[in-house]
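Understanding the architecture of this molecule
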Amino acid sequence: MKMKSKNIWLKAGAVTMAFAVGTGVLLPSVLNSGNMSAVYAQEANAYSQVPSDVNVIDATTVWKYLDDNTDPANGLGSLTAWTTSDFNDGAWKSAAGSFGAKRGQLTEFDGFTPTVLLNQYKSDVPNEDVPTFFFRSTFEVENLREITSITGTLYHDDAVAVYINGNKVLAVDMPAEEQENNLYYAGVSAGAPKEAKLELTKEQIQQYVKEGTNVIAVELHNDRKDSSDIYFEFKNLTLNYGEPEIEQKSVNLTVGSDETSRNLTWYANSETAGQVQYAKKSDMKDGQFPSEYQTADAISSQSNESGFYSNQATMRNLDENTEYVYRVVNGETVSEEYTFQTGDFDGAFSFAFVGDPQIGAGSLPSDIQGWNDTLDVIKNQLNPDFLFSAGDQVNTANNESQYTGYLNDTFSSLTSATTIGNHDSSSAAYNEHFNLPNESAQYGATTAGSDYWFVYNNTLFMDINSNDRSAAEHKQFMQDAIAANPDVRWKTVVFHHSIYSTASHASDGDIIDRRNELPQIFDELDIDVVLMGHDHVYTRTYMMDGFTPDRSQGVQSSVTNPTGILYLTANSASGSKYYGITAPEAEYAAVQDQSKRRTVTNVEVTNTSYTMTTYFADDMSVLDTFTIYKTLNTADMESLISQAQGLNQADYTEESWNKLQAALKAATELKNNANATQSDIDAATTALQEAIDGLVKVDNQDGEVVNTGDTSDEQINGPQTGDTANAVEIVSAVSAFIAAGTIVVVLTKKKMKS
C-alpha cells in the first residue's frame, strides 16, 4: 500500500522559543540580530508527517468468493462467523473485478457488465437461482487514530450486507428478521444494479477497524429464485485522513408558497446548517457577487445519502420580472453562483408538465440521457415559469444514484414542483431532496411526505399524495387550501395514480377504488383540471361531469365555460418505461397515444384560458392540444360604463366628476385587459357604481341647474323661504309638461352679490 504524505507546519510559540533558547537550538547571534527568519529555518525539523487519503479497495482488489450454494457458516455457531479474520477461506475461488451473470451468461445488462462470471444457478435444480453469494478480502490500515472517516461505493443486485472484522457496517434491502441460515432470497427487483454508499465516522472506525490487516466481507442475495441477473462491484473504499473538505451538491430550486418566493435544497457533507445568499443580478459589478444581499438560513437534516446533510431554505420577497443571483454557504465553503428568473406576478404564465421520469426503470445511463434531452427542450424551447412532475422521479425510493440522475444541473435555475409517486413513497429521500411549500402536517402523509399546495398568479395548485388512500383526508386538505385562497381563477389538482388512463394500470383494483371516490370530490370542490401520471401512456379525457364524460360534441380541441373537469395523464418524460394501451375503448378517453416517445405538456394560463399543448420531446411535433375558456362576467361593468359616458360634466361638482372619471378610466382599461380577473372586474364595477352614486349636482337656490361646478366665489339663487308663488308656478309648469309626455328644462345662471 502506497501512502502519500503532506507537510504540516508547526508554528513556534513563546514556550517553544523559551525551550529552544534553553537548549541552545537557536544561536545567540540569531537572537541578538532579531532576524526571526532563522526560526522558520530551524522549525523545518519539526515537520509532522500526516498521510493523505488512501484508497484501499478498487477494481484491482482480489476477492475470495463462494458461489456454490453452500453456507460458509454452517456448523460454526454464528451466521456471521465467515466474516471474521480467523475464518479459513482457502478453498474459495479468487478473482478481481466486477462479479455477476445475466441468465447464466457473462453479458451486459442495464448498463453494467460483469468481468467475473458467477455461478447463477443451483447445480441440483436447473434454472433456479443460488440465493446467496459470499465475498471476502483484506485491506491494510496505518495511523488508525488519524483517520477521520472511511467512505466507499459499491453496486449490487439485489440485497447486500457489508462487514468489517465481523461487524455489519452496511445493509441494503436486507430482511429485518433473523434468519435460520445464510441461504435465503432477499431484496427487491429493481432492474439495474443499485448504488450503495458506505461511510464510517471516526467513532465507528475506532470501534470496528484496527491497525494493520482488516477483513472486509460481503454477502449478496438474489431477490427470488427466478431472478434474471446478479451483480456485485465494490468500486472503492477510502481511508480519509484529516478534516474533509466540504462538498456541496444537488442544488435544487423548487416553488415557494406563491410567485414571490422560491424554496431551495442542497446537500453538503457538513452537519452544520448552511445559508443561501441572494440578490438581484443587476446589482453585480464587474462580475462580482453583490456586496449587499439577502440571506436565508437553512434547516439541516441527515440525508439518505451517507455522510451528507440536506439543507433547505426559502428565498422570500422576490420582485417580478427580475433575474436573481444566489449562492449557498456551508462554513467557509461558498458555492459557485447560480441564477433564476421571476416572471410576471399578475399576468399570464406557463408551466411544463411531465410524467414519470423514473430514472433507473430502464438502463440508468439511457434514462438519464433521455431525461436530460427533455429538460433541454423544456428549458431552451418552452422556457416555462416552472416544471411540474407527476411523480416517480426515480425507480427506487432510496437510490441516490438515481436521484443524481434526476437532478440535472438545470434545476439550479429552473424552478420545479414534484409529486410523490409509488416508486418515491417509501423513503424520506424524496422529502430530503424536494423543499415544498405548505406541506400538510396531517393529511396525505407517507414516509416521503404529504399533501401540499401553492398559488402561482391566478391558479391554486393542490398536490395530493395518492399513496395515502384516504379520500377523506385529501378532501379536507383541499377544502382548507381553497378556503385559504378564495380569489383564485383556476384550481388545479396534481397526483400520481391516474384514475383516467388507458394502459395496464387502468384496471388495477386500487386505481378503480380511487376512480370511484375522487371524481365526486373534485366535482364538489369545483376543480378545473386534474394532472396525473403512473400509467406511462398519454390520455386526455372528455370533460368529465362527475363520473360521466361529455361526449355530446365529440372530440373537441376547446370548450367554453364548461361545467366539468378535464383529466390529463402524461406519458414518460425520460423514455425509461412505456406501457401498451389496454383500454382503447374507455368511454372517458377523448385522446390516447402510445408512440413510445418522450412527451412534455406545455400549459399556458391566463385569466380567461387554460391551454395544454402536448409535444413529442424528440422533435417538438404536437401530439394534442386542448383549451378551456372562461369568459368574465363584465355585463354590470359595461352597463355602468355606458351610463357614466352618458353623463354631462356640467351637471356635477368638479371633485365628484373627477372621481367618476378615474373610476371610468380604470373600468374601461380593465374591460380591454386580457389578464383581468373576475375579482378585478367586480372591484372595478363596485368602484364605478360608488363613483356614480357619489356624484354631487350643482344646483342654484332658485331651482335652476348651474352648468359649472365652480362655486368658490358665487352663491346659487333659488326659491327663498316663503316664496311659494314661484314654486307653485314651477311645479304647475312641470306637471303640464309631464301630462303632455314631454319635459323641457330651461337652465339659467344668476350671480348673487355678496
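Everything in this summary refers to the structure shown in the same document. Every value quoted in this text rests on a predicted model; they were computed, and no experiment measured them.

Further remarks concern the sheet that holds strand 5 (residues 93–96). If you walk across this open sheet you meet the 6 strands as 5-4-8-13-10-11, and the pairing is antiparallel. Here the strands that pair on one side only, and so sit at the sheet edges, are strand 5 and strand 11 (167–172). On average, each strand axis in the sheet is inclined to that of its neighbour by 25 degrees, with strand direction left out of account. Both strand 4 (residues 62–66) and strand 5 contribute to a ladder of 4 bridges, which runs antiparallel. Bridge pairing in strand 5 places V62 opposite A96.

Right, let's talk about the pattern of salt bridges for a bit. Taken as a whole and assessed by the stated rule, the structure comprises 20 salt bridges. For K93, the salt bridge goes to D67, with nearest N and O atoms at 3.0 Å. A residue pair is termed long-range when its members are at least 10 positions apart, and K93 in strand 5 and D67 in the loop between strand 4 and strand 5 qualify at 26 residues. Under the relative-accessibility criterion, D67 is labelled buried at 3%. Where D528 meets K630, a salt bridge forms, and the shortest distance between an N and an O atom there is 3.0 Å. Here D528 is found in the loop between helix 9 (509–524) and strand 30 (529–533), whereas its partner K630 is found in the loop between strand 39 (622–629) and helix 10 (635–645), with 102 residues between them in sequence.

This part covers the side chain of N602. The topology assignment puts N602 in strand 37 (residues 599–605). Not counting residues within four places of it along the chain, the set of residues in contact with N602 comprises S350, F351, L382, T611, M612, T613 and Y615.

Quick look at the packing of helix 10 against helix 11 (residues 654–671) now. The relative placement of two packed helices comes down to the angle between their axes together with the axis-to-axis distance. Between helix 10 and helix 11, the least distance of the axes is 10 Å, while the angle of their chain directions is 135 degrees. When the axis of helix 10 is compared with that of helix 11, the two are oblique. As helix 10 runs across helix 11, the sense of the crossing is left-handed. For the pair helix 10 and helix 11, the contacting residues are M637, E638, I641, A644 and Q645 in the first and L660, L664, A667, T668 and K671 in the second. Looking at side-chain class alone, the contact of helix 10 with helix 11 contains 6 nonpolar, 2 polar and 2 charged residues.

Right, let's get into the pairing of strand 19 (residues 299–302). Pairing geometry for strand 19 and strand 20 (residues 309–315), over 4 bridges, is antiparallel. In the sheet register, Q302 faces strand 20, and the bridge partner there is Y309. Between strand 19 and strand 20, which pair antiparallel one after the other, the connecting turn spans 6 residues, and G307 there sits at a positive phi close to 85 degrees.

Within the element layout of this structure, D487 appears in the loop between helix 8 (471–484) and strand 29 (490–497). Owing to a relative accessible area of 62%, D487 belongs among the exposed residues under this scheme. The spacing of D487 and S679 is 192 residues in sequence and 6.9 Å in space, taken between C-alpha atoms.

Here we take up the packing of aromatic side chains. All chains considered together, the criterion is met by 44 aromatic pairs. Each ring, one from F232 and one from F234, has its centre 6.4 Å from the other, and the planes form 85 degrees; the classification is edge-to-face. One residue, K249, lies across the ring of F308, its end atom 4.1 Å from the ring centre. In this structure, R327 is placed above the aromatic ring of Y293, and the distance from its NZ or CZ to the ring centre is 5.6 Å.

This part is about helix 8. Counted at 1.5 Å a residue, the expected span for helix 8 with its 14 residues is 20 Å, and the 20 Å between its end C-alpha atoms agrees. Contacts made by the buried residues of helix 8 are with strand 27 (452–456), strand 28 (459–463), strand 29 and helix 9.

Thresholds applied
- Residues numbered from 1 in each chain as written.
- Predicted model: local features only at pLDDT ≥ 70, side-chain atom pairs only at ≥ 80, totals over all residues.
- Heavy atoms only, no water.
- Pairing = 2+ DSSP bridges.
- Helix = DSSP H or I, 4+ residues; strand = E, 2+ residues; numbered from the N terminus.
- Axes fitted to C-alpha atoms, helices over the stretch in contact; angles between N-to-C directions.
- Salt bridge = Lys/Arg side-chain N within 4 Å of Asp/Glu carboxyl O.
- Buried < 20%, exposed > 50% of the residue type's maximum accessible area, 1.4 Å probe, protein only.
- Contact = heavy atoms within 4.5 Å.
- Parallel < 35°, antiparallel > 145°, perpendicular 65-115°, else oblique.
- Left-handed = near helix turned anticlockwise from the far one by under 90°.
- Nonpolar A, V, L, I, M, F, W, Y, C, P; charged D, E, K, R; others polar.
- Phe/Tyr/Trp six-rings, centres within 6.5 Å; stacked < 30°, edge-to-face > 60°.
- Lys NZ or Arg CZ within 6 Å of the ring centre and 35° of its normal.
- Expected span 1.5 Å × (residues − 1).

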